[in-house]
Amino acid sequence: MRKIELLFKDYTGLRHRYGETGHYAKGGELIIVKSKRMPLIAGNWKMNKTPAEAGDFAKLLRERVAKGDSVEVLLCPPFPALAAVASELAGSQIAWGAQNMHWETKGAYTGEVSAPMLQALGCRYVILGHSERRTYFGETNEIIAKKLVTALNNGLRPILCLGENLEIREAGKAVPHCLEQIKAGLSGIKEGELASLVVAYEPVWAIGTGKTASPEDAVEVIKALRKQVSEMYGEE
């Protein structure tokens, strides 16, 4: 697929090879992208690390990431730590981004942050539609679709997360569920904007259940997603 990146988030500790490029993902909240462009490795820190801790970690990582690596590295710390991380990574090849944002650019939305705020902090990416946002905060496909449009309109590269829980997986509805998510998520996205979008497939059912997601499980869903995007935008 030429105009959209698809990711597989491997929560199982499985060493997973996807495609011919030989890039690997192993455990945790680590993301590997296989695409025609430079692969992307992104770390979602969730609700962990104070600004001081985040800054120290970013400094160490900057020292250890070799210049000229054939992958793009991205850190997504909590909102309060973004400035500290940005300060340590400024001028490096490591990007930083946010874990969420509101679909409005300003207004009376207590506790929220906007796309212009993230852009002002130098964020290049923003994670949208993560399973924890969907599950714990009731974010719907419609809400996520609005956020995607706002992110793109404000110069951010959204990482659209989608995936199925254990109940849906065991009912044999994983593919239809994920297709519904991507169709809804991309409903406001124009063809020319696809190059700025990343899609992350999240096997939610493999988190804390004792079950594992195999390469075959991931490939089945990813192939279906690629086909759906091709049908929507006419791209291979």
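Residues numbered from 1 in each chain as written. Predicted model: local features only at pLDDT ≥ 70, side-chain atom pairs only at ≥ 80, totals over all residues. Heavy atoms only, no water.

Draft legend 1. Representation of the overall build of the protein. Scanning the protein for helices and strands turns up 8 helices and 10 strands. Counting over 236 residues, the protein shows a buried share of 50%. Taking all contacts inside the protein whose residues are at least 6 apart in sequence as the whole, residues at least 24 apart take part in 67%. Summing over all exposed atoms, the protein offers an accessible surface of approximately 11,400 Å²; the carbon and sulfur share of this is 53%. (Helix = DSSP H or I, 4+ residues; strand = E, 2+ residues; numbered from the N terminus. Buried < 20%, exposed > 50% of the residue type's maximum accessible area, 1.4 Å probe, protein only. Contact = heavy atoms within 4.5 Å. Areas by Shrake-Rupley, 256 points an atom, 1.4 Å probe, with all protein chains shown as cover.)

Draft legend 2. Inspection of the layout of surface pockets at higher detail. Size it by volume and the largest pocket reaches roughly 430 Å³. What lines the largest pocket is a set of 15 residues, and nearest its centre among them are K46, Q99, N100, R133 and F137. Looking at the lining of the largest pocket, the element that brings in the most residues is helix α4 (residues 131–137), giving 4 residues. Here the lining of the largest pocket is composed, by residue class, of 6 nonpolar, 5 polar and 4 charged. Of the volumes computed, that of the second largest pocket is approximately 150 Å³. Every residue lining the second largest pocket is counted, 14 residues in all, and those nearest its centre are R134, T135, G163, H177 and Q181. Breaking the lining of the second largest pocket down by element, the ones donating at least two residues are α4, β9 (157–162) and α7 (174–185). Here the lining of the second largest pocket gets 3 residues from one element, more than from any other, and that element is α4. (1 Å grid on protein atoms, 1.4 Å probe; cavity = no way out; pocket = protein on both sides within 12 Å on 5 of 7 lines; lining within 4 Å. Points joined across faces, edges and corners; volume = space filled by probe spheres on them. Nonpolar A, V, L, I, M, F, W, Y, C, P; charged D, E, K, R; others polar.)

Draft legend 3. Spatial organisation of the pairing of strand β5 (residues 40–44). The element β5 is largely enclosed, with a buried count of 4 among its 5 residues. Judged from the 5 bridges that link them, β5 and strand β6 (residues 72–76) form a sheet pairing that is parallel. When the sheet's bridge partners are listed, G43 is paired in β6 with L75. (Pairing = 2+ DSSP bridges.)

Draft legend 4. Fine view of unusual backbone geometry. Here K46, not a glycine, exhibits a phi torsion of approximately 55°, which is positive. Within the secondary structure, K46 is located in the loop between β5 and α1 (51–64). Of note in the backbone geometry, K49 takes a positive phi value of approximately 80° without being a glycine. As for its placement among the helices and strands, K49 is situated in the loop between β5 and α1. Given a relative accessible area of 36%, K49 falls into the partly exposed group.

Draft legend 5. Summary view of the pattern of salt bridges. By the definition in use, this model includes 8 salt bridges. Put simply, K46 and E132 hold a salt bridge, and the shortest N to O gap is 2.7 Å. Placement of K46 in the loop between β5 and α1 and of E132 in helix α4 is noted, with a sequence separation of 86 residues between them. The salt bridge partner of D217 is R169, with a shortest N-O separation of 3.6 Å. Of this pair, D217 sits in helix α8 (residues 215–233) while R169 sits in helix α6 (residues 166–170); the two residues are 48 residues apart in sequence, bridging distant segments of the chain. (Salt bridge = Lys/Arg side-chain N within 4 Å of Asp/Glu carboxyl O.)

Draft legend 6. Representation of the packing of α1 against helix α2 (residues 82–89) within the structure. With their axes 8 Å apart at the nearest point, α1 and α2 run at an angle of 25° to one another. By the criterion of interaxial angle, the relationship of α1 to α2 is roughly parallel. Once α1 is placed against α2, the crossing between them reads as right-handed. Residue-level inspection shows P51, A54, G55, A58, K59 and R62 of α1 in contact with α2, the latter providing A84, V85, E88 and L89. (Axes fitted to C-alpha atoms, helices over the stretch in contact; angles between N-to-C directions. Parallel < 35°, antiparallel > 145°, perpendicular 65-115°, else oblique. Left-handed = near helix turned anticlockwise from the far one by under 90°.)

Draft legend 7. Just the environment of R62, in detail. With respect to the secondary-structure elements, R62 resides in helix α1. Note: C-alpha distance between R62 and Q93 (31 residues apart in sequence) is 8.4 Å. Beyond its immediate chain neighbours, meaning those up to four positions away, R62 contacts E88, L89, A90, G91, S92 and I94. A polar contact is formed between the side chain of R62 and the backbone oxygen of A90, at a distance of 2.9 Å. (Polar contact = N/O pair within 3.5 Å; in protein donor to acceptor, adjacent residues only side chain to side chain.)

Draft legend 8. Local environment of the confidence of the model for the protein. With 83% of its residues at a pLDDT of 70 or more, the protein has an overall mean of 86. Throughout residues 10–35 the model reports pLDDT below 50, and contacts reaching past four residues in sequence, or to other chains, amount to 78 contacts. (pLDDT = per-residue confidence, 0-100.)

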